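Residue strings, one per chain:
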Amino acid sequence: MDQPTLPRPPRPRLLVVPGLHDSGPGHWQTWLQAQHRDAVRVRQRDWHAARLECWSSRIDHTLALHPGARFVAVAHSFGCLALADHLARRRDSPVLAALLVAPAEPDRFGLGSALPPQRLPRSTTMVLSDTDPWMKPASARRWAQRWGCHVVHLGDAGHINVESGHGPLPLAARWVQAVLQRVPEPAHRFHFRPHCP
């Protein structure tokens, strides 16, 4: 007798986690979101108040609106800190992998001791810049090591936002595509090594 075929889990969706003041129409996160019709964006109640607990809870809330869905997440700046906090708190998070682009300096917000000091429970890649005004490279590398992130250096790239000339960010699009190709193997730690010019 034939065994019944189990339904395949739905394709993971893109979760966009912006930083302070949201990501405007020219930002790489908005560009990337436009490429995924079923993408979900985390919307904060107050985009100008950097409150880790509130921001992390909004990620929880957003994911709860999509029961059964799985996600790959792309975060920027303060959004990276909120996503790291979410992943450390929620071991059952439906986020399979995370791209942390130009994270903000936790100590700048008095959050150095509030963030997880250990490896995050999901595969993470951190993209950093040597000229980011929001976090020095040495500090970014320390946090990447604590969280177990694969690190991608973009060199002189500022805060990797519109002001530094980053509207489209093909690296992020390639990362999402590469992670999606590995599904349904969410337990495997995936490290994306982009081809950088």
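Up top you'll find the structure we're talking about.
Because the structure is a prediction, the values reported are computed rather than measured.

Participant: Just to check I follow, could you spell out the pairing of strand 5 (residues 123-128) for this structure?
Facilitator: The side chains of a regular strand alternate, residue by residue, between the two faces of the sheet. In terms of burial, strand 5 is largely enclosed, as six of its six residues are buried. Side-chain alternation along strand 5 places Ser123, Thr125 and Val127 on one buried face and Thr124, Met126 and Leu128 on a second face that is also buried. Bridge analysis of strand 4 (residues 95-101) against strand 5 gives five bridges, and the strand direction is parallel. Looking at strand 5, one finds that Ala98 is bridged to Thr124. Both strand 5 and strand 6 (residues 150-153) contribute to a ladder of four bridges, which runs parallel. Residue pairing across strands places Leu128 opposite His153, the latter belonging to strand 6. Running through helix 4 (residues 137-147), the crossover from strand 5 to the neighbouring parallel element strand 6 is right-handed.

Participant: I would appreciate a short explanation of helix 4 in the present structure.
Facilitator: Among all positions in helix 4, only Pro137, Ser139, Ala140, Trp143, Ala144 and Trp147 are buried. Down the axis, helix 4 shows its buried residues gathered within 160 degrees of arc, on one side only. Next to the buried residues of helix 4 lie helix 3 (78-89), strand 4, strand 5 and strand 6. Just beyond helix 4, the residue with positive phi is Gly148, at close to 75 degrees.

What counts as what
Sequence order sets the numbering: in each chain, residues are counted from 1 along the sequence as written. Per-residue local features of the predicted model are confined to residues with pLDDT of at least 70, and side-chain atom pairs are confined, for both listing and counting, to 80 or more; whole-chain, interface and lining totals are unaffected and use all residues. Side-chain figures throughout are based on the complete set of non-hydrogen atoms in the structure, without hydrogens or water. Only protein chains enter the area calculation, which uses a 1.4 Å probe; residues under 20% of their type maximum are buried, those over 50% are exposed, and those in between are partly exposed. What counts as a helix is a DSSP run of H or I of at least four residues, what counts as a strand is a run of E of at least two, and both are numbered from the N terminus. Two strands qualify as a pair provided that DSSP identifies no fewer than 2 bridges between them. Crossover handedness is defined here as right-handed if the route from the first strand over the helix to the second strand goes clockwise, with the strands pointing away from the viewer. Think of the arc as the fan of directions from the helix axis to the C-beta atoms. Residues count as neighbours in contact if any of their non-hydrogen atoms are within 4.5 Å of one another.

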